[in-house]
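Each chain, letter by letter, is given below.
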Amino acid sequence: MTSVPNDPPTERSVSAGESRSQTTSEGASTPIVSVDGVTKRYQLGGTVTALDDVSLSLDAGSYTAVMGPSGSGKSTLLNLVGGLDTADEGSVRVADDDLGAASESRRAAKRGTDIGFVFQTFNLMPRLTAVENVALPLVFDGWDRTERLDRARTVLDDVGLGSRYDHKPNELSGGQRQRVAIARALAPEPSILLADEPTGNVDTETGAEIMGLLSEIHERGNTILLVSHSRRIAEHAEQIVHVRDGLIEEIEDVSETTPDSDVGTGRRGR
Ligand SMILES: Nc1ncnc2c1ncn2[C@@H]1O[C@H](COP(=O)(O)OP(=O)(O)OP(=O)(O)O)[C@@H](O)[C@H]1O
Ligand SMILES: [Mg+2]
């Protein structure tokens, strides 16, 4: 197996599975994510329309941030793209697969291979070491144990945690935990990385490190879809999708914007 993070985008695009057929040699212009007319309602003491006829198309190799007030539907959108949930109306296609039509197990497998997911709260397995956490999703991909652990060490090296292989989550700092979570998401060579408030639980400096890491991952050819409350975080992306009350209000091009180096994470000051 090749080591993804060090491979150039064009090699990666053909190195690992069907989804890479979506990535052109130039790395962009073919949609890898197509959200088409999606409505998502929750029934809980009345009906909440979390997303209301939303359409969004993401090119392979693009970097997009989703911003909006609390409760506007950002996580709902990410969860649908990540196959954690299904739409009530409309379709969500990711790397050639219609997630609405896919079975639960097919969506789970896709999440283990084509789609990497990073959460605000890291969601690591507390009893497993860093290496074991990162190796976990590779079980879906049919790697043997030795290959899985080798691959996990390589990805941990790539995110700067080569000296923390055998630490459990509670023996790591918040920023290190998030880097383990990013390594876990990257281990199966996904073509798309989804990150919901990845800097929400870390300090400003660590937030800047994590955003630097995401930018590197993007430069290596991955498609990134990131949710953030912070404009300064969102400006690391090429475009910002502004969401309000379950609707896309505006898609703003920020590809020419240089993000402030003091990345806002909600905890200001240093
Ligand atoms: N599982 C659920 N059951 C019922 N309602 C839900 C559920 N998940 C989300 N909602 C509702 O859907 C709406 C959108 O929620 P969502 O989590 O997508 O918001 P968000 O933009 O991510 O907010 P935040 O910035 O606070 O994370 C909210 O009104 C929320 O209360
Ligand atoms: Mg949310």
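Residues numbered from 1 in each chain as written. Chains lettered and ligands numbered in written order. Predicted model: local features only at pLDDT ≥ 70, side-chain atom pairs only at ≥ 80, totals over all residues.

A.B. asks: Sorry if this is basic, but what is going on with the sheet that holds strand 10 (residues 247–253) here?
C.D. replies: The pairing of strands in a sheet happens through backbone hydrogen bonds and is either parallel or antiparallel. Taken together, 6 strands build an open sheet; the order of strands is 6-7-8-3-9-10 and the sheet is mixed. Every interior strand has two partners, whereas the edge strands, strand 6 (115–118) and strand 10, have only one. Taking each pair of neighbouring strands and ignoring which way they run, the sheet shows an average axis angle of 15°. The strands touched by helix 6 (residues 174–186) within the sheet are strand 6 and strand 7 (192–196), with strand 6 carrying the most contacts at an inclination of about 165°. In the packing of helix 7 (residues 204–219) onto the sheet, the strands contacted are strand 3 (63–67), strand 7 and strand 8 (223–227), and the crossing angle to strand 8 comes to about 150°. (Pairing = 2+ DSSP bridges. Helix = DSSP H or I, 4+ residues; strand = E, 2+ residues; numbered from the N terminus. Axes fitted to C-alpha atoms, helices over the stretch in contact; angles between N-to-C directions. Contact = placed C-beta atoms within 7 Å.)

A.B. asks: Help me understand the site of ligand 1 in this model?
C.D. replies: In the vicinity of ligand 1, the residues found are Tyr42, Leu44, Val48, Ala50, Gly68, Ser70, Gly71, Ser72, Gly73, Lys74, Ser75 and Thr76. Mapped onto the shell around ligand 1, the elements with two or more residues apiece are strand 2 (47–59) and helix 2 (74–81). It is helix 2 that contributes the most residues to the shell around ligand 1, 3 residues altogether. Broken down by class, the residue content of the shell around ligand 1 amounts to 4 nonpolar, 7 polar and 1 charged. (Near = placed C-beta within 6 Å. Nonpolar A, V, L, I, M, F, W, Y, C, P; charged D, E, K, R; others polar.)

A.B. asks: Can you help me understand unusual backbone geometry in this one?
C.D. replies: As a rule of thumb, non-glycine residues mostly have phi less than zero, and peptide bonds are mostly trans rather than cis. Located in the positive-phi region is Ala95, a residue other than glycine, with phi close to 45°. Mapped onto the secondary structure, Ala95 falls in the loop between strand 4 (89–94) and strand 5 (97–98). At Asp245, a residue that is not glycine, the phi angle is positive and equals roughly 50°. Examined against the element boundaries, Asp245 turns out to sit in the loop between strand 9 (239–244) and strand 10.

A.B. asks: Help me out: how do you make sense of the nonpolar core in this one?
C.D. replies: Generally speaking, soluble globular proteins have nonpolar side chains that are buried together. With 67 residues, the main nonpolar core has Val81, Val134, Ala183 and Leu194 as its most contacted residues. Those residues within four positions of Leu194 in sequence are excluded, and the remaining contacts are Leu78, Val81, Gly82, Ile115, Gly116, Phe117, Val118 and Leu225. (Core = buried A, V, L, I, M, F, W, Y, C linked by C-beta atoms within 7 Å. Buried ≥ 20, exposed ≤ 12 C-beta atoms within 10 Å, placed from the backbone.)

A.B. asks: Can you help me understand the packing of helix 6 against helix 7 in this one?
C.D. replies: Axis angle and axis distance: for two packed helices, these are the angle between their axes and the distance between the axes, and together they describe the pair. Closest axis-to-axis distance for the helix 6/helix 7 pair is 10 Å, and the angle between their directions is 15°. By the angle between their axes, helix 6 is roughly parallel relative to helix 7. As helix 6 packs across helix 7, the resulting crossing turns out to be right-handed. Only Thr206, Glu209, Ile210, Leu213 and Ile217 of helix 7 make contact with helix 6, whose side of the interface consists of Gly174, Gly175, Gln178, Arg179, Ile182 and Leu186. (Parallel < 35°, antiparallel > 145°, perpendicular 65-115°, else oblique. Left-handed = near helix turned anticlockwise from the far one by under 90°.)

A.B. asks: Would you explain the pairing of strand 1 (residues 31–43) in this entry?
C.D. replies: Sheet faces and side chains relate simply in a regular strand, where the side chains alternate between the two faces. In this structure, strand 1 lies alongside strand 2, joined through 9 bridges in antiparallel fashion. Looking at strand 2, one finds that Tyr42 is bridged to Val48. Where strand 1 folds back on strand 2, the antiparallel hairpin that results is connected by 3 residues, among which Gly45 adopts a positive phi of roughly 60°. Summarising the sheet, strand 1 and strand 4 pair through 5 bridges and their orientation is antiparallel. Looking at strand 4, one finds that Thr39 is bridged to Glu89.

A.B. asks: Which parts of the structure should I look at to understand the sheet that holds strand 2?
C.D. replies: The strand order across the open sheet formed by 4 strands is 2-1-4-5, and the pairing between neighbours is antiparallel. In this open sheet, the two edge strands, each paired with only one partner strand, are strand 2 and strand 5. Contacts between helix 2 and the sheet are confined to strand 1, strand 2 and strand 4, with strand 1 contributing the most and set at about 125° to the helix.

A.B. asks: Looking at this model, I keep getting lost on helix 2. Mind explaining?
C.D. replies: Each α-helix winds once per 3.6 residues, and so residues spaced three or four apart point in a common direction. In terms of residue burial, helix 2 counts as a mostly covered element, since 7 of its 8 residues are buried. What helix 2 keeps buried is the set Lys74, Ser75, Thr76, Leu77, Leu78, Leu80 and Val81. Two residues or fewer after helix 2 comes Gly83, characterised by a positive phi angle close to 70°.

Honestly, that's just the spatial picture; any functional story needs more than this.
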